[in-house]
Amino acid sequence: MLHRRVHFKSQSTLDFDSIAVSISASTMKNELDKLLQNSKVTDRRIFNLQMENFFALYRRYLLHTVKGYECDWDSIRPLGPKDVTDYMDLPPCEQGSQYLDRIAVLKLNGGMGNNMGINKPKALIELHDNQTFLDLSIQQIEYLNKRYDVAVPFLLMNSCVTNDETCKVLRKYTGYNLDISTFEQSRFPRVLVDSQLPIPKTAPSPIEEWYPPGHGDIFEALVHSGIIDRLLAQGKDYLFVSNIDNLGASVDPKILCHVIENQIEYTMEVTDKTKADVKVGILVNQDGILRLLERNQVPEKHQEEFTSDRIFKNINTNNVWLYLPAVKRVVENRELNLDVMPNIETINHNDETARVIEFTTSIGSAISQFKKTEGIKVPRQRFISVKTSADLLLVRGDLYSIDHGSLLVEDSKVGFPPPVVNLTNEFVDVAQLFRRIPHMPSIKDLTSLSISGNVYFGKNVVLKGNVVIVASPNATLNIPPNAVLENCVVSGNCKIMDH
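Here the structure is a predicted model, which means the values were calculated and not measured.

Colleague: How do you make sense of the side chain of Thr132 when you look at a structure like this?
Modeller: Tracing the backbone shows Thr132 in strand β7 (residues 131-132). Leaving out residues up to four positions away in the same chain, Thr132 has contacts with Ala123, Leu124, Ile125 and Glu126.

Colleague: Whenever I open this one, the domain arrangement of the protein chain confuses me. Can you help?
Modeller: How big an interface is tends to be stated in terms of accessible area lost as the parts join. Partitioning the protein chain into structural domains gives domain 1 (73-382) and domain 2 (389-492). Distance from the C-alpha centre of domain 1 to the C-alpha centre of domain 2: 29 Å. Each partner contributes to the interface: domain 1 provides 20 residues, whereas domain 2 provides 17 residues. Taken over both partners, the interface formed by domain 1 and domain 2 buries close to 1600 Å², and the fraction arising from carbon and sulfur atoms is 65%. Its largest share of buried area at the contact with domain 2, domain 1 owes to Met116, Leu127 and Gln381, together 31% of the area lost on that side. Inspection of the region where domain 1 meets domain 2 yields four residue pairs in polar contact (both at pLDDT 80 or more). Broken down by secondary-structure element, the contributors of at least two residues to the side of domain 1 that touches domain 2 are β6 (126-128) and α4 (133-148). The element contributing the most residues to the side of domain 1 that touches domain 2 is α4, with five residues.

Colleague: Help me understand the environment of Asn38, please; the structure alone is not making it clear to me.
Modeller: Relative to the elements of secondary structure, Asn38 occurs in helix α1 (residues 11-38). Overall, the relative accessible area of 43% leaves Asn38 in the partly exposed class. Placed 391 residues apart in sequence, Asn38 and Asp429 show a C-alpha to C-alpha distance of 41 Å. Non-local contacts of Asn38, meaning those with residues more than four positions away in its chain, are made with Lys201 and Thr202.

Colleague: Please explain the packing of aromatic side chains as it appears in this structure.
Modeller: Each aromatic ring pair is described using two quantities: the centre-to-centre distance and the angle formed by the ring planes. For the structure on display, the rule yields 14 aromatic pairs. Between Phe54 and Phe188, the ring centres sit 5.5 Å apart and the planes meet at 70 degrees, which makes this aromatic pair edge-to-face. Note that Phe54 is positioned in helix α2 (residues 44-66) and Phe188 in strand β10 (residues 188-189), a separation of 134 residues in sequence. Residue Phe54 shares its accessibility class with Phe188, and that shared class is buried. An aromatic cluster is defined as three or more aromatic residues linked by ring pairs; in this entry it consists of Phe54, Tyr58, Tyr61, Phe188, Tyr211 and Phe359. Stacked on the ring of Tyr87, the Lys or Arg Lys254 has its end atom at 4.5 Å from the ring centre. Of note, Arg436 hangs over the ring of Phe427, and the distance from its end group to the ring centre comes to 5.5 Å.

What counts, and where the lines are drawn
Residues numbered from 1 in each chain as written. Predicted model: local features only at pLDDT ≥ 70, side-chain atom pairs only at ≥ 80, totals over all residues. Heavy atoms only, no water. Helix = DSSP H or I, 4+ residues; strand = E, 2+ residues; numbered from the N terminus. Contact = heavy atoms within 4.5 Å. Domains from an automatic or database assignment. Buried area = accessible area lost by both parts, 1.4 Å probe. Polar contact = N/O pair within 3.5 Å; in protein donor to acceptor, adjacent residues only side chain to side chain. Buried < 20%, exposed > 50% of the residue type's maximum accessible area, 1.4 Å probe, protein only. Phe/Tyr/Trp six-rings, centres within 6.5 Å; stacked < 30°, edge-to-face > 60°. Lys NZ or Arg CZ within 6 Å of the ring centre and 35° of its normal.

As structure tokens, this is what we get:
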């Protein structure tokens, strides 16, 4: 793990902290035992396993907290030539159909669109012509199967908050000749910040008392759900995993051939860092081992180095290729020891506001747990992530087109970073975004865009170069139809200045 002990506590303090850890762990274990006794769940075996995994995660969190762990920056190195393979150096795949018969595709579908004002799974966000992210993913599989005459299974790892609505929408694909299946990842109990006790006292209980523990749960969920055994029985021993909101992630036979022929257990795709990626995790070499480093693991005095693209030039795309027998091995041998990421949230519980802790893990932190691992530097078009309304604005524009479910970048922009878009709070909600910009402007020649305040767009607006649009306080700024804004600042009185 990316941590070392910091020697700033006296022995008596450490002894006291060790006692505190034991007491907290013992208290949590007692509460979980009561929860197990009081619960009437459909599958008790799975529920027991999930509570065991939650307790192990909680105990690791306690140990990390009281012992003062932090990133050992001196041991961190940028990726070297032996750590990463450039996609452009990969040879053509001569065994395309044969290797595609060995793979399944899984989309991580645990998140909601709440940060964009959308109260539904991200998979169901619409891009164009009523086509959702989920529809595009399925179109990719349909085209892949038809083109290579294969039968690649498509899986969704849902969470307790996305499962029901996603499964309901999937019914429309019942008559299709596709192998589509879903499974639900673990649900862990939320813990009150003040008491450090789990909220639920029984199960089932209201959904707000539980949370999905991040996509690092994929390994346990694959094994304990029986999905991994079913895939292996079908001859599928490789799995391509990506986020449902990464519209650039699709099966690439060249990468698949490379992974299989080099017998790599875990492959992480990385891509060039841009100004918009300063918060994204990076793949690093620590003492000869590939590890994922997140921003919150970096000491404050090294934050600038972490975010700079001069030293660490690549970011994690969360596109991951897994060898399934190796996944089964690390889970059954209890070899996984993923980094714990605690998040404090505020929820409404029993008509009162409550502060809770959620302990999560990421699929990326597992790279250090496998025997043969590698990074592959891929073109930026394999990482078109939609996390915000600004991202959605980009992918709906004329910079991209859709081909068999895959987003393709405009030919003249291949190899160039996407525009950097910054929007103020008036545009955070997608409904407000489309009300203010009902007709997409042309952005294929845009470098950067900043919109602030009460701004509205007319039809056929063209944006080029670096554009800043700022409405004056308590004023409305309307960008007129057919306006062409190029390398300029537009203020509340529509005055245009060189920028």
